[in-house]
Amino acid sequence: MTFETPATRRVLVARPRGYCAGVDRAVQAVEKALELYGAPVYVRKQIVHNTHVVRTLEKRGAIFVEETEEVPEGAIVVFSAHGVSPAVHREAAERGLRTIDATCPLVTKVHNEARRFASQDYDILLIGHEGHEEVEGTAGEAPDHIRLVDGLDAVDTVEVKDPDRLVWLSQTTLSVDETTETVTRLKERFPNLIDPPSDDICYATQNRQVAVKEIAAEAQLVIVVGSQNSSNSKRLVEVALDHGADASYLVDDASFIRDEWLDGVTTVGVTSGASVPEDLVDGVLAHLAERGFADVEEVESVQESVRFALPHELRKDLRAGV
Ligand code: SF4
């Protein structure tokens, strides 16, 4: 197949993109568990929301389950980066499972905030997406105190016990702009609503949104590499569309790109969600190069250097040389 290749065709690649510190840690936790203890290692839910990562780990001996009751008694189970509620920890203990908790420390921070405010009898308005694993885990920390606010429409209908004892928290992977709008609307309705002690939307989500805004301003098309169940990846599509891109699509890998998306396009932006391995972005760039988009420029908006240590259960066994 040959493609028209005007010299002006170029690709702007956002940086930062791809793996965040929490995803890197969670994937490494499963890999190290497989090395240390041998297959199978059970993982509750997708360790991170990426189809390719899950398939790769499955090939190495990880078994993904939806609930701990599917894990044989006494087996090893890893909890995903999105976190779990205390009830899940209890179920695992009752079944005698050996748990490795790969919850991202930035999700744990939100759990701790939820517990602290609940213990002071605050109602907590949790801004997030209903049914998302992270939201279920956080809500499980204080089910009697947490009220979910899923989208702007929920602002008018959410019910609280005491409007003067109210705090908001959020899922870590939301759109920064949309969350700001939601909080503004909440404060119009509840003027005494207090803010969390620090941002709940994590550094990686924020940085990837800043970076995609920069390339979207110059690109007609923005391709976001990520899976459909990845909240932070979906937000990148929305942010790209809000900041100048005529079109933006979420693709699991290069095979999802349709040639008609490139018709009349001279600048393509490329980025990837926080759970996406870099080889999938390389595949997209190779695919675009074959179609005349060989001029690739990386646009760096923010420098990142965050790293997290492996879960303590693994560090202990690694030190002991198990
Ligand atoms: S997206 Fe943010 S909260 Fe989620 S795993 Fe990555 S760093 Fe942690």
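For the structure itself, consult the block above.
Notes on the structure in this doc start here. Quick caveat, the model's predicted, so the values are computed rather than measured.

About the cut-offs
Residues numbered from 1 in each chain as written. Predicted model: local features only at pLDDT ≥ 70, side-chain atom pairs only at ≥ 80, totals over all residues. Heavy atoms only, no water. 1 Å grid on protein atoms, 1.4 Å probe; cavity = no way out; pocket = protein on both sides within 12 Å on 5 of 7 lines; lining within 4 Å. Points joined across faces, edges and corners; volume = space filled by probe spheres on them. Helix = DSSP H or I, 4+ residues; strand = E, 2+ residues; numbered from the N terminus. Nonpolar A, V, L, I, M, F, W, Y, C, P; charged D, E, K, R; others polar. Patch = residues over 30% accessible without salt bridge, like charges linked within 9 Å, V, L, I, M, F, W, Y side chains within 5 Å. Areas by Shrake-Rupley, 256 points an atom, 1.4 Å probe, with all protein chains shown as cover. Salt bridge = Lys/Arg side-chain N within 4 Å of Asp/Glu carboxyl O. Lys, Arg positive; Asp, Glu negative; His and termini not counted. Charge placed at Lys NZ, Arg CZ, Asp CG, Glu CD. Expected span 1.5 Å × (residues − 1). Buried < 20%, exposed > 50% of the residue type's maximum accessible area, 1.4 Å probe, protein only. Pairing = 2+ DSSP bridges. Axes fitted to C-alpha atoms, helices over the stretch in contact; angles between N-to-C directions. Contact = heavy atoms within 4.5 Å. Core = buried A, V, L, I, M, F, W, Y, C linked by side-chain atoms within 4.5 Å.

Counting across every chain of the model gives one cavity of 30 Å³ or more. In this structure, the largest cavity spans a volume of roughly 300 Å³. Lining the largest cavity are 24 residues, with C20, V23, H82, T172 and T173 sitting closest to its centre. Within the residue set of the lining of the largest cavity, elements represented by two or more residues are α1 (21–37), α4 (105–119), α7 (203–216) and α8 (231–242). When the residues that make up the lining of the largest cavity are grouped by side-chain class, the tally is 12 nonpolar, 11 polar and one charged.

Further remarks concern a negative patch on the surface. Together, E69, E70, E91 and E94 make up a negatively charged patch on the protein surface. Along the polypeptide, E94 turns up in helix α3 (residues 86–94).

Moving on, we come to unusual backbone geometry. In this model, R15 is joined to P16 through a cis peptide bond whose omega is 5°. With respect to the helices and strands, P16 occurs in the loop between β1 (10–15) and α1. Each neighbour pair has its own omega, and for A39 with P40 the value is 0°, a cis peptide bond. Within the secondary structure layout, P40 lies in the loop between α1 and β2 (41–44). Look at K45: it is not a glycine, yet its phi comes out positive at around 65°. Turning to its location among the elements, K45 is positioned in the loop between β2 and α2 (51–59). Despite not being glycine, D121 has its phi angle at roughly 65°, a positive value. Positionally, D121 belongs in the loop between α4 and β6 (123–127).

Attention now moves to α1. Taking 1.5 Å per residue, 17 residues should reach 24 Å; α1 reaches 24 Å between its end C-alpha atoms and fits that length. Three or more residues of α1 are buried, namely A21, G22, V23, R25, A26, V27, A29, V30, A33, L34 and L36. Directly after α1, the chain includes G38, whose backbone phi takes a positive value near 80°.

The strand order across the open sheet formed by five strands is β10-β9-β11-β1-β12, and the pairing between neighbours is parallel. Two strands bound the open sheet, and with one partner strand each, they are β10 (247–251) and β12 (295–300). Taken over all neighbouring pairs, the strand axes of this sheet differ in orientation by 25° on average, direction set aside. As judged from the five bridges shared by strand β9 (residues 221–225) and β10, these two strands associate in the parallel manner. Note that in β10 the partner of V224 across the bridge is L250. Where helix α9 (residues 278–290) meets the sheet, its contacts fall on β1, β9, β11 (267–272) and β12, and the angle it forms with β11 comes to roughly 165°.

One pass over the full model with this rule turns up 24 salt bridges. Note that R15 and E300 form a salt bridge whose closest N and O atoms lie 3.6 Å from each other. Here R15, found in strand β1, pairs with E300, found in strand β12; they are 285 residues apart in sequence, far enough to count as distant. The salt bridge partner of R235 is E238, with a shortest N-O separation of 3.0 Å. Residue R235 and its partner E238 are located together in helix α8, separated by three residues, close to a single helical turn. On the basis of relative accessible area, R235 is assigned to the buried category, the value being 9%. Accessibility expressed as a relative area gives 31% for E238, which makes it partly exposed.

V30, V43, I47, V48, L57, F64 and V78 are the most contacted members of the largest nonpolar core, which has 27 residues in total. Counting only elements with at least two residues in this core, the list comes to α1, β2, α2, β3 (62–65) and β4 (76–79). Each residue touching V78, except ones within four places of it in the same chain, is listed here: V30, V41, Y42, V43, R44, I47, I100 and A102. Of all hydrophobic cores here, the second largest spans 20 residues; its members include I223, V251, I257 and L262.

Spatial relationships are all this shows, so hold off on functional conclusions.
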